Amino acid sequence: MGSLSPAISSKLLLPTTSSDRTSFHALIRSSFRCRGVRPNMIQVCKRSRCIASAEKNSKSAIDFSDPEWKTKFEEDFEKRFNIPHMRDFFPDAVSYPSTFCLRMRTPVSEEFAQGYPSDEEWHGYINNNDRVLLKVIRYSSPTSAGAECLDPDCTWVEQWIHRAGPREKIYFKPEDVKAAIITCGGLCPGLNDVIRQIVITLEIYGVKKIVGIPFGYRGFGNELAEIPLSRKVVQNVHLSGGSLLGVSRGGPNVSEIVDSMKERGINMLFVLGGNGTHAGANAIHNELIKRGLKVAVVGVPKTIDNDILLMDKTFGFDTAVEEAQRAINSAYIEAHSAYRGVGIVKLMGRSSGFIAMQAALASGQIDICLIPEVPFELHGPHGVLKHLKYLLETKGSAVICVAEGAGQNFVEKTNAKDASGNVVLGDIGVHIQQEIKKYFKEIGDPADVKYIDPTYMIRACRANASDGILCTVLGQNAVHGAFAGYSGITVGICNTHYVYLPIPEVISYPRTVDPNSRMWHRCLTSTGQPDFI
């Protein structure tokens, strides 16, 4: 996966004019490579088909006839996933003994220049050479469900990524640090949890200057003041949803943001957001390096859609799935209580159907689950409506769960874009509701259709216990990564372990549901639905 387009360094976000919107859309689009075979790619066999995976240093496909191809791939993978460090750009960067030690429970001395307190007997630090295995299943055949194979023989290739956590050496003096936190994009359960934990961990290191930048990247404009943060300020903020700092889309360009950071004296920036926000964070990191400024930029991936590459899940996802259960249960009760009742629930999921799939699995009340990754027909002998007719005849009621990005070929194109450059989707939920009413009216059968759209309700609530734990660890590890001297990275969970990843590798394109994965097969087993093609 190559570096981001140069367009990123010229425009980051979109203010208000139409020309700026066009530039911003081009920026984000350049950060997400479309799937398919293109130059600078390697072919990767996956099940019975091939998918394209970006290659950073080679313009040709893997030559499987080369007896050394496996070694070369592993070497290239290691280079791609090597996380940027201060010493890569500032060879004379000085390290100090870490001020993070859980055996030292007395307040950290303010006289850091006289020597940093440390405890050499504490074995709670992560070695820089620690790695986590990215893939843990050894597939024996490309036809195995969910198989991800590099070659037709499914040769096992180890892919290692950096383990997250506190290091024994740090590259910032806590008394010299001014840390800033921003939350960008839309709301997501757990934002306040991450903010709180970043602040708490920074204070444990000994940082005194911590600020929040209000309303995302827009907060780097001159009209908005910083929000001072401390443990006292954030102590109970996790008990409510939303973001203490506010969220928004749009803002100044990269150069203006870096100018603002330099003027404010910020040398640690923690960015909470999705793919677009991370593209911006990576652009900021590159601009800082270009100017020779020693600033750590660390991302924390935030999206309830769960569409960030390489990670088990992103924070807020579990809460969104849990909150969706209320809407699904309401739709079930409405449908089950009515004569030939049909309940429809539309959930978030622009390009990926993870929420709809997991919510369907969790509820056990869904008869039809429709997601963007799996095409379907509404009409015809194998269409959704035909199966719905069968369900009403045999069960007496039915519940449909549809992701917002599913079936966009059936709805009228809006040609409008939001502030992040995303196409405004047509309302597939309303369309399905209308088509169901029309279909049963035409065949002369009754159908009592109820439509529920909890889209924004599921993201505005407080994080549940599972997400609360995830947010806590992500926030802590973000601070550990910054103090360890890493920049241009994001923190995530991979195979239940916490890792650091270079930002370009996780924003190349959105993660989507694999229609041949075991999880989708489990969903189909639960719903009992056929193929709608």
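Residues numbered from 1 in each chain as written. Predicted model: local features only at pLDDT ≥ 70, side-chain atom pairs only at ≥ 80, totals over all residues. Heavy atoms only, no water.

A word on the side chain of Asp367
Mapped onto the elements of the fold, Asp367 is located in the loop between helix H10 (354–363) and strand S13 (368–370). For Asp367, a relative accessible area of 7% corresponds to the buried category. Of note is the side chain of Asp367, whose polar atom sits 2.9 Å from the backbone nitrogen of Val399. If sequence neighbours within four positions are ignored, Asp367 has contacts with Leu391, Lys395, Ser397, Ala398, Val399, Thr527 and Gln529. (Helix = DSSP H or I, 4+ residues; strand = E, 2+ residues; numbered from the N terminus. Buried < 20%, exposed > 50% of the residue type's maximum accessible area, 1.4 Å probe, protein only. Polar contact = N/O pair within 3.5 Å; in protein donor to acceptor, adjacent residues only side chain to side chain. Contact = heavy atoms within 4.5 Å.)

Things to note about the pairing of strand S10 (residues 268–273)
Of all six residues making up S10, six are buried, and the element is well covered by its neighbours. Alternating residues of S10 divide into Met268, Phe270 and Leu272 and Leu269, Val271 and Gly273, and every residue in both groups is buried. Note that strand S7 (residues 178–183) and S10 share five bridges and pair parallel. Bridging from a neighbouring strand, Ala180 pairs with Leu269 of S10. (Pairing = 2+ DSSP bridges.)

Points about the nonpolar core
Judged by nonpolar contacts, the single largest core of 79 residues is most densely connected at Ile181, Leu202, Met268, Phe270, Phe315 and Phe483. Ignoring anything within four residues of it in the chain, the contact list for Phe270 reads Ala179, Ala180, Ile181, Ile182, Ile198, Leu202, Val298, Ala478, Val479 and Ala482. Residues Ile62, Phe77, Val254 and Ile503 belong to the second largest nonpolar core, which totals 40 residues. (Core = buried A, V, L, I, M, F, W, Y, C linked by side-chain atoms within 4.5 Å.)

Brief notes about the pairing of strand S12 (residues 341–347)
A large share of S12 lies buried, amounting to seven of its seven residues. In S12, alternate side chains face the same way, and those of Gly341, Gly343, Val345 and Leu347 on one face and Val342, Ile344 and Lys346 on the other are all buried. As judged from the seven bridges shared by S12 and strand S14 (residues 397–403), these two strands associate in the parallel manner. Paired with Val345 across the bridge in S14 is Cys401. The sheet contact formed by S12 and strand S15 (residues 448–452) spans five bridges and is parallel. In the strand pairing of S15, Val345 is matched with Ile452.

Some points on the environment of Val345
Turning to its location among the elements, Val345 is positioned in strand S12. For Val345, a relative accessible area of 0% puts it in the buried group. On a C-alpha basis, the gap between Val345 and Tyr451 in space is 6.2 Å, while along the polypeptide they are 106 residues apart. Those residues in contact with Val345 that sit more than four places away from it in its chain are Ala327, Ile328, Ala331, Ile400, Cys401, Val402, Ile452 and Pro454.

Examining the sheet that holds S14
Here we have four strands laid out as an open sheet, ordered S13-S14-S12-S15, and parallel in their pairing. The strands lining the two open edges of the sheet, one partner per strand, are S13 and S15. For this sheet, the mean angle separating the axes of adjacent strands, direction not counted, is 15°. Lying on the sheet, helix H11 (residues 384–394) is in contact with S12, S13 and S14; it crosses S14 at an angle near 150°. (Axes fitted to C-alpha atoms, helices over the stretch in contact; angles between N-to-C directions.)

Comments concerning the pattern of salt bridges
According to the stated counting rule, one finds 16 salt bridges in the structure shown. Taking the shortest distance from any N to any O, the salt bridge between Arg291 and Asp259 comes out at 2.5 Å. Placement of Arg291 in helix H8 (residues 275–291) and of Asp259 in helix H7 (residues 254–264) is noted, with a sequence separation of 32 residues between them. Relative accessible area serves as the criterion here: at 31%, Arg291 is assigned to the partly exposed category. (Salt bridge = Lys/Arg side-chain N within 4 Å of Asp/Glu carboxyl O.)

As for the state of the cysteines
Per the counting criterion, the structure on display carries one disulfide. Shown here is the disulfide that connects Cys149 with Cys154, its sulfur atoms set 1.7 Å apart. On the sign convention where negative is left-handed, the bridge of Cys149 and Cys154, at about 50° about the S-S bond, is right-handed. The two residues Cys149 and Cys154 agree in class, both being buried. (Disulfide = S-S within 2.5 Å.)

Comments concerning the confidence of the model for the protein
Averaged over every residue, the pLDDT of the protein is 85; the share at 70 or more is 84%. Overall, residues 1–60 carries pLDDT values under 50, and its contacts beyond four positions in sequence, including any with other chains, amount to 145 contacts. (pLDDT = per-residue confidence, 0-100.)

Quick word on the sheet that holds strand S4 (residues 131–133)
Hydrogen bonding along the main chain pairs the strands of a sheet, whether they run parallel or antiparallel. With mixed pairing, nine strands are arranged side by side in an open sheet as S4-S5-S17-S16-S11-S10-S7-S8-S9. In this open sheet, the two strands that pair with only one neighbour each are S4 and strand S9 (227–228). Helix H5 (residues 191–205) rests against S7, strand S8 (209–212), S10 and strand S11 (296–301) of the sheet, and its axis sits at about 165° to S10.

Digging into the packing of aromatic side chains
The tally for this structure, following the rule as stated, stands at eight aromatic pairs. Judged by centre distance (5.3 Å) and plane angle (25°), the rings of Phe100 and Tyr205 are stacked. Placement of Phe100 in the loop between strand S3 (96–97) and S4 and of Tyr205 in helix H5 is noted, with a sequence separation of 105 residues between them. Judged by relative accessible area, which is 0%, Tyr205 ranks as buried. A ring pair is formed by Phe376 and Phe410, whose centres lie 5.4 Å apart and whose planes are at 45°; its orientation type is tilted. (Phe/Tyr/Trp six-rings, centres within 6.5 Å; stacked < 30°, edge-to-face > 60°.)

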